[in-house]
Amino acid sequence: MKKVLLLIFLLFFILSFAFPLILYKWYTSKLEPPQNKVPASLVVEYSDGTPLYTPKTVWIDFEDIPNLVKDSIVASEDKRFYQHSGVDLIGIARSFFVILTTDSIQGGSTITQQLARTLYLTTERTWERKIKEALIALWLEQNYSKNEILELYINSVYLGNGVYGFPAAAKYYFNKTLEQLKPVEVAMLTATLRSPERANPLEKLNIDFTKTVLRKMMNEGVITSAEYEAALETLSSEHTKNVNIAGNMFDQDLFWMVVVELKELGFELGDLRNGFRVRTTIDKNMQTLLNKNIDKAKMAGLIIEHTTGRIRAAYGLGITSGRRQVGSVIKPMYYYLAFMGGWNKNDILEDKPITIGTWSPQNFDKEFWQEVTLENALIYSRNVPSVNLFMALGQSKVKNFLKNTLMVDGYYPNDATLSLGTLETSLVDVAKGFEPIFNGGIVIRPRIIEYVKDRNGIIYYSYKPEILNVVKPPKDFEARTPVEASVLTMQLMEKVVTMGTGKSANIPGRKIYGKTGTAEKNAWFVGGDGRYLFLLVKDGKDLTGGRDVAPVWREIAKNTEIGYIPISLPIGKKIASTEKKQAEEETVLQPLNPVDEDSESIPEDSGSQTIGTTDTEEDIYMRVRSKSITSDELLNILKTMDSDKQREVLSRINEIDPDLASQVYTKLLGGGEF
């Protein structure tokens, strides 16, 4: 008999103590640290440091959390928090009794148990989840102090509408920091814990729950009876006001542009939890102007610095990956090529009916001017003369130049309709095509992130211009340098705005260079100055760039500094006329009447002395390859060259060491000719 009793005792001991201990050790050994489970609290900022996106969770250290918040939560949720070991046995017993007698699952969880559920479990109300919750709570209490547990809880507990943690909830529901909350507002947030979706401050049920919390706060001495009565009186009006404040949302498309670029730079959202900050290149004022003046369902806008690639504003769809036809916005890109190939502004192009295969291109006005100068063909966006120029340059030459020199990605038609902009692409790619025209030959990758740093201020990424390409004239197109071609193209684009199809974008007292574009379902205006490129597109039928987009562009640009910043190119120079070289693989149209006899040439030795011999240049490139030359040394060498030679050398450096080229280019921007 004694043996039987001993066996029963041992079995009871194993079931009561040993088995739970084994289960505890087995289950908790696999748990991640709770810090790794806290929802990400990525902060995204405008270029001036103000919030662009306030995350739905924000981390605040324990010592910075107001006592009112800490004491109210403990009073309402777990007044024995500092006495128990993670599981309140009295509360558990009461909960189990209700389960056994009513067949329903009841709460009774401590703050530690709630934290365990938030970070590690689902809200499924089952026996299995309750057991896991208790095990995790005990483990948390064994490994973390009470203050650390309360800190984790306050920063991570779910409070409805996708918001995690009291700091983020204060901002989301009241547009306040924790320090700015009144007792009634703290109670409203604490009341939300009971039912985050049904009883958050945006729901009527929150009022009833808040009254209960306020009473507990008074009973535990967190607030006085006078504060309790005052809170009850203002409860309804506080609720009404908060609904309006919480309606302020952010631009999700812009946020996901940031996320995509973060991934390109090697960052996942999960890597940026716990207070990482991403400073963007977005100018708050410019972004606000686009937001207010653009209907995202119909339009999209992009403002970018063409010398650095920094995106200053972006609003609408298809900014980075759209497929809109560009229309006549494409023309400056191959006119730029034509000028490098020796065409002149006063060369004559035919404006007569033509047929290419089964295609008979038409001018917008359905009329033909018989003959037109190359200059007027662009200023007034004449289609037929532009097609003639395109065919003269060679379809494959133009397509290759756009894709591989200007780095414009997109869907290219395999026919001559490309000349009138049947290319389908994004705003960012159109910007890449215009950058070298505006800056004299450099294609910079557009970027939206300035830097990424953690909560301690350690910088993990900092912006630097990424040079995608330095324009070199293609074979048989070396009659002019890229800088000279830029000057000629910009001179025409200035007249597009002052007297051509872009007159509606003209702003008196400012100098703007631009081009309209009209496609079957899209209309464009692209304009800029010495710093900015501003692209605006409208979607729809029967639109024109000059009539429907340029006026909107002007109204937005008027509220910026666009048009006041001078071009760094020698824009006032008259470029000497020259003979166009014959392309090899395709039949071309010859210019009929090259003129510009009165124009002045930019002297070939207009800069200071160059490096010297080819051997000296090759020696420099060898030092770049061996990493035995600094960016400052290269800068000093490049400062002795004219701008065309700078671009030639920079192009070679970029092919060998893009990072070094970026450093040199950045320094040249501070005082060079770019």
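Reading the values: the criteria
Residues numbered from 1 in each chain as written. Predicted model: local features only at pLDDT ≥ 70, side-chain atom pairs only at ≥ 80, totals over all residues. Heavy atoms only, no water. Helix = DSSP H or I, 4+ residues; strand = E, 2+ residues; numbered from the N terminus. Expected span 1.5 Å × (residues − 1). Buried < 20%, exposed > 50% of the residue type's maximum accessible area, 1.4 Å probe, protein only. Axes fitted to C-alpha atoms, helices over the stretch in contact; angles between N-to-C directions. Parallel < 35°, antiparallel > 145°, perpendicular 65-115°, else oblique. Left-handed = near helix turned anticlockwise from the far one by under 90°. Contact = heavy atoms within 4.5 Å. Nonpolar A, V, L, I, M, F, W, Y, C, P; charged D, E, K, R; others polar. Pairing = 2+ DSSP bridges. Polar contact = N/O pair within 3.5 Å; in protein donor to acceptor, adjacent residues only side chain to side chain. pLDDT = per-residue confidence, 0-100.

## With respect to helix 22 (residues 643-656)
Here comes step 1: End to end, helix 22 covers 20 Å across 14 residues, agreeing with the expected 20 Å (1.5 Å per residue, within 8%).
Here comes step 2: Turning to helix 22, its buried residues number three or more, namely S643, K645, Q646, R647, V649, L650, S651, I653 and N654.

## Section: the packing of helix 13 (residues 331-340) against helix 15 (residues 383-393)
When two helices pack together, their arrangement is captured by the angle between the axes and the distance separating the axes.
Here comes step 1: Interaxial distance between helix 13 and helix 15 falls to 10 Å at its minimum, and their mutual angle equals 50 degrees. With respect to helix 15, the element helix 13 is oriented oblique. Crossing geometry of helix 13 relative to helix 15 is assigned as left-handed. Listed contacts from helix 15 to K331, Y334, Y335, L337 and A338 of helix 13 are N383, S386, V387, L389, F390 and L393.
Here comes step 2: Considered class by class, the residues forming the contact of helix 13 with helix 15 number eight nonpolar, two polar and one charged.

## Considering the sheet that holds strand 12 (residues 459-462)
Here comes step 1: Taken in spatial order, the five strands make up an open sheet running 2-1-3-11-12, and their pairing is mixed. Strand pairing shows two members of the sheet lacking a second neighbour, strand 2 (51-53) and strand 12, which therefore form its edges. Going from strand to strand, the sheet's axes swing by 25 degrees on average, the running direction of each strand aside.
Here comes step 2: Summarising the sheet, strand 11 (residues 449-453) and strand 12 pair through three bridges and their orientation is antiparallel. Looking at the pairing, V452 lines up with Y461 of strand 12.
Here comes step 3: Where helix 11 (residues 252-264) meets the sheet, it contacts strand 1 (43-45), strand 2, strand 3 (277-280) and strand 11, and its direction lies at approximately 70 degrees from that of strand 11.

## Quick notes on the sheet that holds strand 4 (residues 299-305)
Here comes step 1: Pairing is antiparallel in the open sheet, where five strands are placed in the order 5-4-16-15-14. The outermost strands of the open sheet, each flanked by one partner alone, are strand 5 (311-315) and strand 14 (513-518). Across the sheet, the axes of successive neighbouring strands diverge by a mean angle of 10 degrees, strand direction being ignored.
Here comes step 2: Pairing between strand 4 and strand 16 (residues 532-539): seven bridges, direction antiparallel.

## Quick word on the side chain of S419
Here comes step 1: Among the secondary structure elements, S419 is positioned in the loop between helix 16 (395-405) and strand 9 (424-425).
Here comes step 2: A polar side-chain atom of S419 sits 2.7 Å from the main-chain carbonyl oxygen of A416.
Here comes step 3: In contact with S419, other than residues within four places in its own chain, are I330, K331, Y334, W359, V387 and F390.

## As for the confidence of the model for the protein
Here comes step 1: Scored by pLDDT, the protein has a mean of 84; 81% of the residues are at 70 or more.
Here comes step 2: Note that pLDDT drops below 50 for residues 243-249; the model gives that stretch seven contacts with residues more than four away or on any other chain.
Here comes step 3: In this model, residues 582-615 is a region of pLDDT below 50 whose contacts with residues beyond four sequence positions or in other chains number 72 contacts.

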